[in-house]
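# Observations on chain architecture
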Amino acid sequence: MKLLIGEKLKLYRRNRDLTQEDVAAAIGVTYQAISKWERNEGYPDITMLPSLANYFGITVDELIGMEEIASKSRYDEINALWLSTHEKAKAEGDDSLHLKNISLMRNALKTYPGDQLLLVQLSTSIERLSGTEEEKRENLRESLRIQEEILRGPDSEVRNATLYNICFAYLELGEHEKAIAAAKKLPNLYKARENAIVALSSGEEKAQTAREAISALDWVLKHHLSALAEVENNSVYLEKYRRISEILNS
């Protein structure tokens, strides 16, 4: 369990417009100790926690960040439960498990409103429901409404993954123009994360990123060369992919 003493100490100190020297003098330590704690490079001795808490007029639990820690623990439990139920539902084809997950996510969103991961999981569970063709289309439209909400969130990686899913949701609904419009909002191959990291990093991080990019590139080439082979009715493209793939994976 990661204690939040460093973050809390810095927050309460700044809220009272105090310097590290002010706090250090008040509780009888060096300002270097305060600096070290705020950088999360160590914790105060347990016997000092009551003095620190009293100085700021808070409880020890508030100084440690117990409420946030408990909230994060509960959040992780909710996501783990969703994942295990989701995998079981996929394996068994059991709608009741998807409905259980939908209820789980709706309740979780009351505690963590607007959370992008919870919204993604809610959307996924709704799309997995079976039913009549009309029911499936209505579920897909509800999923799209949720995904549009995800796009307003701050996590760009989640937004891009959601936007990618939206393309195929619209396609499944027969709304081809909306699918293409969504696809055009996605980043292109040149401005990809892997390209930037390889250019900026070094050592094992650079190598690992390059390996991951090559694996993705293999998929991309197969995807696009297969498309050309289909449209132009020319199997030469598939032979080109086979030769390129052998080089990439050798």
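The present account deals with the structure reproduced in this document. Just so you know, these numbers come straight off a predicted model, no measurement behind them.

## Points about unusual backbone geometry
Its identity is not glycine, yet N40 carries a phi of approximately 60 degrees, on the positive side. Phi at N233 takes a positive value of approximately 50 degrees, unusual for a residue other than glycine.

## A look at helix α9 (residues 133–150)
Taking 1.5 Å per residue as the helical rise, α9 with its 18 residues ought to reach 26 Å, and the 25 Å between its terminal C-alpha atoms agrees with that figure. By the burial criterion, the buried members of α9 are N139, L140, S143, L144, I146, Q147 and I150. Angularly, the buried residues of α9 cover 165 degrees about the axis, an arc narrow enough to put them on a single face. The exposed residues of α9 that point more than 90 degrees off its buried face are E134 and R145. Contacts from the buried residues of α9 go to α8 (116–128) and α10 (156–172).

## Things to note about the environment of P154
Position of P154 among the secondary structure elements: in the loop between α9 and α10. Beyond its immediate sequence surroundings of up to four residues, P154 is in contact with Q116 and R159.

## Describing the pattern of salt bridges
Pairs can form between side chains of opposite charge once their charged atoms are near each other. Applying the stated criterion to the full structure yields 17 salt bridges. The salt bridge involving E68 is made with K8; its shortest N-O contact spans 2.4 Å. In this pair, E68 sits in helix α6 (residues 66–92) while K8 sits in helix α1 (residues 5–15), placing the two residues 60 residues apart along the sequence. Take K8: its relative accessible area is 12%, and that puts it in the buried class.

## Comments concerning the nonpolar core
Grouped together as the largest cluster of nonpolar side chains are 21 residues, with contacts concentrated most on I34, W37, L52 and F56. When contributions to this core are tallied by element, the ones reaching two or more residues are α1, α2 (20–27), α3 (31–38), α4 (49–56) and α5 (60–64). Examining the composition of this core, we find that 4 residues originate from one element, α4, more than from any other. Sequence-distant contacts of L52, defined by excluding residues within four places in its chain, comprise L9, V23, I27, W37, P44 and L63.

Criteria and cut-off values
Residues numbered from 1 in each chain as written. Predicted model: local features only at pLDDT ≥ 70, side-chain atom pairs only at ≥ 80, totals over all residues. Heavy atoms only, no water. Helix = DSSP H or I, 4+ residues; strand = E, 2+ residues; numbered from the N terminus. Expected span 1.5 Å × (residues − 1). Buried < 20%, exposed > 50% of the residue type's maximum accessible area, 1.4 Å probe, protein only. Arc of directions from axis to C-beta. Contact = heavy atoms within 4.5 Å. Salt bridge = Lys/Arg side-chain N within 4 Å of Asp/Glu carboxyl O. Core = buried A, V, L, I, M, F, W, Y, C linked by side-chain atoms within 4.5 Å.

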